[in-house]
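Here is how the chains run, residue by residue.
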Amino acid sequence: MTSLVGPLAGPALFPFTLAAVVMAGLVAVEALSLLLGQSLSGLVDGALGHEAGGGGDLTSAADADAAFSPAAVMSWVNLGRVPFLILLILALAVFALAGFVVQGLAAAVIAPLPALLAVPVAGAATLPALRVSTKAIDRLIPRDESYVVSADDLIGATAEVTLGPLDQGLPGQVRALDRHGNTHFLRTRAAPGAPAMEAGARVLIVDRADAVYVAVPAAPDL
């Protein structure tokens, strides 16, 4: 054991060993928090105001001057698409692995690199590897799917008159389905110039004025 710990704690490998130890500690804390019913990763994202699923790539040439800013780097490695704590664990794991590989190759050729030289080399290798790994994890993260629709989302929907007739007078009522299959009962009147529509008729919602929708008779093929 001493022969193994000695090299890992040596100056050449110490930054990478430390990264691996911190990474293992974060994994243990996250696993414990999940067992207790509350994800530490979720708490950290909430405190930072991050939501997985947002973010994007920095690709515009106009942003070239900002491409190396901390915010741009975080965006490039998909912070916001992947929870911050998961991103940090991945970064530490990849950095530690890259450092061990770099120092192993250097030792096989000549001698381990000084830590001040090995750290930036491993860091440079970490960023692209981190981007690839976070993209893969992003595809695996389950997303909360919203079934909320706005009032204007129902314009263009077909509906059935449930309380009629619909004319240009007092509003009647129609039953419409949104794109998620949810039922909505809407106060509706006929569009100007449209004929009255009796209960049971199929209509097309074409507009909305305040809280009242406007409809016309639906074509047979709708």
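The structure we're discussing is the one just above.
Description of the structure in this document. (Residues numbered from 1 in each chain as written. Predicted model: local features only at pLDDT ≥ 70, side-chain atom pairs only at ≥ 80, totals over all residues. Heavy atoms only, no water.)

Spatial ordering of the closed barrel is given by β1-β2-β3-β5-β4, a layout of 5 strands whose pairing is mixed. The average angle at which neighbouring strand axes cross in this sheet is 55°, direction not considered. The pairing of strand β1 (residues 158-163) with strand β4 (residues 202-209) spans 3 bridges and is classified as antiparallel. Residue pairing in the sheet places Thr-158 in a bridge with Leu-204 of β4. (Pairing = 2+ DSSP bridges. Helix = DSSP H or I, 4+ residues; strand = E, 2+ residues; numbered from the N terminus. Axes fitted to C-alpha atoms, helices over the stretch in contact; angles between N-to-C directions.)

So, on to the environment of Arg-187. Here Arg-187 lies in strand β3 (residues 183-190). With 16 residues separating them along the chain, Arg-187 and Pro-171 place their C-alpha atoms 5.8 Å apart. Discounting chain neighbours no more than four positions away, the residues touching Arg-187 are Pro-171, Gly-172, Ala-211, Val-212 and Tyr-213. (Contact = heavy atoms within 4.5 Å.)

Packing of helix α2 (residues 14-35) against helix α5 (residues 84-109) leaves a shortest axis separation of 8 Å and a crossing angle of 150°. Taken together, the axis directions place α2 and α5 in an arrangement best described as roughly antiparallel. For the element pair α2 and α5, the recorded crossing hand is left-handed. Touching Pro-15, Phe-16, Thr-17, Ala-19, Ala-20, Val-22, Met-23, Leu-26, Val-27 and Glu-30 of α2 are Leu-85, Leu-88, Ile-89, Leu-92, Ala-93, Phe-95, Ala-96, Gly-99, Phe-100 and Gln-103, all from α5. Split by residue class, the contact of α2 with α5 holds 16 nonpolar, 3 polar and 1 charged. (Parallel < 35°, antiparallel > 145°, perpendicular 65-115°, else oblique. Left-handed = near helix turned anticlockwise from the far one by under 90°. Nonpolar A, V, L, I, M, F, W, Y, C, P; charged D, E, K, R; others polar.)

Between its terminal C-alpha atoms α2 stretches 32 Å, which fits the 32 Å expected from 22 residues at 1.5 Å a residue. Of the residues making up α2, those classed as buried are Phe-16, Thr-17, Ala-19, Met-23, Leu-26, Glu-30 and Ser-33. (Expected span 1.5 Å × (residues − 1). Buried < 20%, exposed > 50% of the residue type's maximum accessible area, 1.4 Å probe, protein only.)

With the rule as written, the count across this model stands at 3 salt bridges. A salt bridge links Asp-152 to Arg-208, with the shortest nitrogen-to-oxygen separation between them at 3.0 Å. In this pair, Asp-152 sits in the loop between α6 (115-140) and β1 while Arg-208 sits in strand β4, placing the two residues 56 residues apart along the sequence. (Salt bridge = Lys/Arg side-chain N within 4 Å of Asp/Glu carboxyl O.)

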